[in-house]
Amino acid sequence: MRTISVALAGNPNAGKTSLFNAITGAHHKVGNYPGVTVEKREGIHDFRDTRFRIIDLPGIYSLTAYSLDEVVARDFLLEERPDIVVDVIDSTNLERNLYLCLQFQELGIPVVGALNMSDEAEAKGLRIDAALLSKTLGIPLAKTVGTNGEGVEALLEAVLAEISAATMDGSTETPKAAAAAPMKTPHYGDEIESRLGPLAEVIASDKAFAERYPARWLAIKLLENDSNAGEKLTAHPRGAEIAARAKSDREWLARHFGRDAEIIVTEQRYGYIRGAIREAVKQVPVNRVPLTERIDRVLMNRFLGLPIFFLIIWGIFKLTFALGQYPAALLDRLFTLLAEGAELAIPAGLLRSLVVDGIIQGVGGVFSFVPLIVLLFLCISILEDTGYMSRAAFLTDKILHAFGLHGQSFMPLMLGFGCSVPAIMATRTVKSPKDRIATILAVPFMSCGAKLPVYVLLAGTFFPAHADNAVMLIYLAGVLLSLASTIFLRKTVLRGETTPFVMELPPYRRPTLRGVFWHVWGKTLNYIKKAGTVILAASILIWALTTFPAPKDEAVKATALRTELSASMAGAGAAAASAGASTEAAASAARVQAAVDAALKEYRLESSAAGAIGKLMTPVLKPLGLNWKVGIALIPGFAAKELVVSTLGILYGTDTTDVEETASLKAALRRDPGMTPLAAVVLMAIILIMPPCFASLATIRAEAGDKWMIFEVCYALALAWVVGFIVRLVGSAIV
């Protein structure tokens, strides 16, 4: 079986992801392109004795690279040279989408066009003659509907036919090979071609160079005055001569047309496209108003748009807690039973402590929040797939500009509610460097999925009747704080004007079960993998820090505690004995033993390495009203915020001195006199603001450099302490 590499490319919102999922199904993997943090997805699909290795390129509008997405796509096509490019074209917006298609043809790589969303085009009254358009453009075209897989087989047949036509080796039988259209290069008019042809010939004079960079494509880029194309000439023996000739040609075109050469080439491309569309596309009148327009009359209303958006976000949180609390409680109970079973099965000692206190309490505390994570990702995925997120970006653009951010910053900020790593990577679409840095520094204030378990634990423990509203408020506080912080940064270290915001609003689409499933599954699986690997290892390490070194005078301390507590309860015990209440006396003795065990556990913790670390942090934590246990829990939070929950589970354990209380972390937190509702609010504020996880910091370093990564750490630490101190002062005054 032969293997061919297929680059899946296209404009944003053309349905490329849906088509990729329809072709590859579950057979794909996610990684990064070498040297950059741009996400790279590859899929495998076997068809007609051929293995398709499909590389999903970032959605782009042009191969003239400005953003990191465009750089990655262009460099992949030039350096990797896939066997063929499948250009996913939005059938409802052919003119804009075919602009990128022409640039693919200029590269000299075989191209097949997928006329995607053809069903939506039909609904809008667009009748596309695919055969005629294919003949005009000189590339095979196949109508597809990525959401349901319609036309995928025809598309793959066209790819095989085009590969066979391009290679002409006849080594593999491919159906409909004779139907493949011949490779065709767009013609841009006699004036441009009179300059383009000779320039390409000079470039092609060096065969080794021309094999690496297509001569015609490079010539066009030089006429467009593409800086990257000019840099490539340094590798050509006649580079200086070519650069001088290209400059002369640009000046000639500018004089001849009265406009810059780049504008002229762009106009010629669109002229070529309009001519092709005029012949092949007919508009049939449609009597009814499009559904998208009818919905936008309400959701995009200048007065109702923003209130509806905030109502939707509030509804997501209400739904997440209303539905998620039951499976979360079941999982919590499951791990409690698992811990009880382990205590019965494993003899007392270090092994039992490791399994129960280290592994089950640490990892189980994080796993119990999986249902909430699933529901949150599900709601966000549905909003993305319907096309509403683009509207939300448009609605919030004016607000973001007022705070020094860019309209394009909205999507990275929204992604930040899921995970900061892809959110920070998404800022590469922001073209202004200062706008991009401002967005990167604002993303960590968005409460990612890893922070949600901490909020849910603390809100459910200290505000059980209003847990959903409490979490909603902390999320909202993060948004407001990010905006206030951005104003400060834009007036100090990031001075400069924000750039205008222009974006397209895709039509509303019905989310597909497959698309939503893979989105939620991927995010949830990453969360579970982290809980089963990073968090497991960290939980064991934290257990070791809280267990060793063991106090040498534990036996003496136990005797002293027993004597002290027995004396304090002697009066009650005597009264019970005189009354002949042997049961009450036994209960009193049990309470004494439980109190001794709890005090001994606290003593062991204070004597451990973790206790020493926590006490070192006391001078910093005391003004915030937090105890040294919280200080210990915050340290692993730098690696992953979920670890705060698992660490608290290990620190507080499941021991109880109150027969009315259940053996749970929430009960243990409520019993701690140092953990009050105000302390919980302060802790949530610190978790919200403190530096993001190591993975996010590494992404900031890759996207913005060491300077901004160090700045983020120092800035977030200082701001977290200041805000925590203010919250405590205000809270103390109110309470």
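Quick caveat: nothing in here was measured; it's all calculated off a predicted structure.

**Regarding the overall build of the protein**
Regarding its fold elements, the protein presents 35 helices and nine strands. The buried share of the protein, reckoned over its 735 residues, is 51%. Contacts in the protein between residues far apart in sequence, at least 24 positions, make up 74% of those at least 6 positions apart. For the protein, the accessible area works out to roughly 33,000 Å², and carbon and sulfur atoms hold 62% of it.

**Looking at helix α7 (residues 190-203)**
Over its 14 residues, α7 extends 20 Å from the first C-alpha to the last, a length consistent with the 20 Å expected when each residue adds 1.5 Å. Among the residues of α7, those classed as buried are Ile192, Glu193, Leu196, Leu199, Ala200, Val202 and Ile203.

**Quick look at the packing of aromatic side chains**
Scanning the entire structure with this criterion turns up 13 aromatic pairs. Members of the aromatic cluster, connected to one another through ring pairs, are Phe488, Trp708, Phe711 and Tyr715. When the ring centre of Trp628 is taken as origin, the NZ or CZ atom of Lys615, which lies over that ring, is 6.0 Å away.

**Considerations on the nonpolar core**
By size, the foremost hydrophobic cluster in this structure holds 102 residues, and its most contacted members are Tyr388, Val471, Tyr475 and Met675. For this core, the element with the most residues is helix α33 (residues 677-689), which contributes 10 residues. In this structure, Tyr475 is in contact with Phe317, Leu376, Phe417, Ser447, Cys448, Leu452 and Tyr455, ignoring residues within four places of it in sequence. Judged by nonpolar contacts, the second largest core, of 61 residues, contains Ala73, Leu107, Leu137 and Phe209.

**Quick word on the pattern of salt bridges**
Counted by the stated rule, this structure contains 24 salt bridges. The partner of Lys221 in a salt bridge is Glu224, and the shortest N-O contact between them spans 3.2 Å. In this structure Glu224 comes out as buried when scored by relative accessible area, which is 5%. One salt bridge connects Glu606 with Lys615, and the closest N-O pair in it is separated by 3.2 Å. Looking at Glu606, the relative accessible area reads 31%, which means it is partly exposed. The exposure class of Lys615 is partly exposed, given its relative accessible area of 38%. Connected via shared salt-bridge partners are Glu106, Lys221, Glu224 and Arg269.

**Regarding the side chain of Glu106**
Here Glu106 shows up in helix α3 (residues 94-106). According to the relative accessible area criterion, Glu106 is buried, its value standing at 3%. Here Tyr188 takes part through its side chain, which lies 2.4 Å from a polar atom of the side chain of Glu106. Discounting residues that sit within four places of it in the chain, Glu106 has contacts with Tyr188, Pro214, Trp217, Ile220 and Arg269.

**Observations concerning the pairing of strand β4 (residues 50-56)**
Two faces make up the sheet, and in a regular strand the side chains alternate between them. In terms of residue burial, β4 counts as a mostly covered element, since five of its seven residues are buried. Bridge count for strand β1 (residues 2-10) against β4 is seven bridges, and the pairing is parallel. In the sheet register, Arg2 faces β4, and the bridge partner there is Thr50.

**Some thoughts on the environment of Gly125**
Tracing the sequence through the fold places Gly125 in the loop between α4 (118-123) and β7 (126-128). On a C-alpha basis, the gap between Gly125 and Val284 in space is 4.6 Å, while along the polypeptide they are 159 residues apart. With sequence-adjacent residues up to four places away left out, Gly125 is seen in contact with Lys282, Gln283, Val284 and Val286.

**Concerning the confidence of the model for the protein**
Residues shown with low pLDDT carry predicted positions that ought not to be read at fine detail. Summary statistics for the protein give a mean pLDDT of 82 and a share of 88% for residues scoring 70 or more. A low-confidence stretch, residues 169-182 (pLDDT under 50), is modelled with 21 contacts involving residues beyond four sequence positions or located in other chains.

**With respect to the packing of helix α21 (residues 452-462) against α33**
One way to put it is that α21 packs onto α33 with a least axis distance of 10 Å and a crossing angle of 170 degrees. The angle between the axes of α21 and α33 places the two elements in the roughly antiparallel class. Facing α21, whose interface residues are Val454, Tyr455, Leu458 and Phe462, α33 presents Pro677, Ala680, Leu683, Met684, Ile687 and Leu688.

**A few points about the environment of Asn469**
Here Asn469 is to be found in helix α22 (residues 467-490). Since its relative accessible area comes to 29%, Asn469 is described here as partly exposed. In this structure, the C-alpha to C-alpha distance between Asn469 and Trp314, residues 155 residues apart in sequence, is 8.6 Å. Setting aside its immediate chain neighbours within four residues, Asn469 contacts Trp314 and Lys318.

**A closer look at the packing of α3 against helix α12 (residues 261-280)**
Between α3 and α12, the shortest axis-to-axis distance is 9 Å and the interhelical angle comes to 115 degrees. Judged by the angle between their axes, α3 and α12 are roughly perpendicular. When you trace α3 past α12, the crossing you get is right-handed. Counting all contacts with α3, which are made through Leu94, Glu95, Leu98, Tyr99, Leu102, Gln103 and Glu106, the residues of α12 involved are Thr266, Arg269, Tyr270, Tyr272, Ile273, Arg274 and Ile277. In terms of residue class, the contact of α3 with α12 is built from eight nonpolar, two polar and four charged.

**Things to note about the side chain of Ser485**
Mapped onto the secondary structure, Ser485 falls in helix α22. Ser485 gets classed as buried once you look at its relative accessible area, which sits at 5%. In contact with Ser485, not counting residues within four places along its chain, are Phe445 and Tyr715.

**Re a nonpolar patch on the surface**
A cluster of nonpolar residues, Val620, Trp721, Val722, Ile726, Leu729, Val730, Ile734 and Val735, forms a patch on the protein surface that exposes about 790 Å² of accessible area. When residues in the nonpolar patch are grouped by element, the largest group, six residues, is from helix α35 (residues 706-734). By secondary structure assignment, the location of Trp721 is in helix α35.

**Quick word on α21**
Most of α21 sits out of view: 11 of its 11 residues are buried. Among the residues of α21, Leu452, Pro453, Val454, Tyr455, Val456, Leu457, Leu458, Ala459, Gly460, Thr461 and Phe462 are the ones counted as buried.

**What about unusual backbone geometry?**
Cis geometry is adopted by the peptide bond preceding Pro549, which originates at Phe548 and carries an omega value of -10 degrees. Relative to the elements of secondary structure, Pro549 occurs in the loop between α24 (534-547) and α25 (554-568). Located in the positive-phi region is Asp49, a residue other than glycine, with phi close to 60 degrees. Inspection of the secondary structure assignment puts Asp49 in the loop between β3 (39-47) and β4.

Cut-offs and rules
- Residues numbered from 1 in each chain as written.
- Predicted model: local features only at pLDDT ≥ 70, side-chain atom pairs only at ≥ 80, totals over all residues.
- Heavy atoms only, no water.
- Helix = DSSP H or I, 4+ residues; strand = E, 2+ residues; numbered from the N terminus.
- Buried < 20%, exposed > 50% of the residue type's maximum accessible area, 1.4 Å probe, protein only.
- Contact = heavy atoms within 4.5 Å.
- Areas by Shrake-Rupley, 256 points an atom, 1.4 Å probe, with all protein chains shown as cover.
- Expected span 1.5 Å × (residues − 1).
- Phe/Tyr/Trp six-rings, centres within 6.5 Å; stacked < 30°, edge-to-face > 60°.
- Lys NZ or Arg CZ within 6 Å of the ring centre and 35° of its normal.
- Core = buried A, V, L, I, M, F, W, Y, C linked by side-chain atoms within 4.5 Å.
- Salt bridge = Lys/Arg side-chain N within 4 Å of Asp/Glu carboxyl O.
- Polar contact = N/O pair within 3.5 Å; in protein donor to acceptor, adjacent residues only side chain to side chain.
- Pairing = 2+ DSSP bridges.
- pLDDT = per-residue confidence, 0-100.
- Axes fitted to C-alpha atoms, helices over the stretch in contact; angles between N-to-C directions.
- Parallel < 35°, antiparallel > 145°, perpendicular 65-115°, else oblique.
- Left-handed = near helix turned anticlockwise from the far one by under 90°.
- Nonpolar A, V, L, I, M, F, W, Y, C, P; charged D, E, K, R; others polar.
- Patch = residues over 30% accessible without salt bridge, like charges linked within 9 Å, V, L, I, M, F, W, Y side chains within 5 Å.

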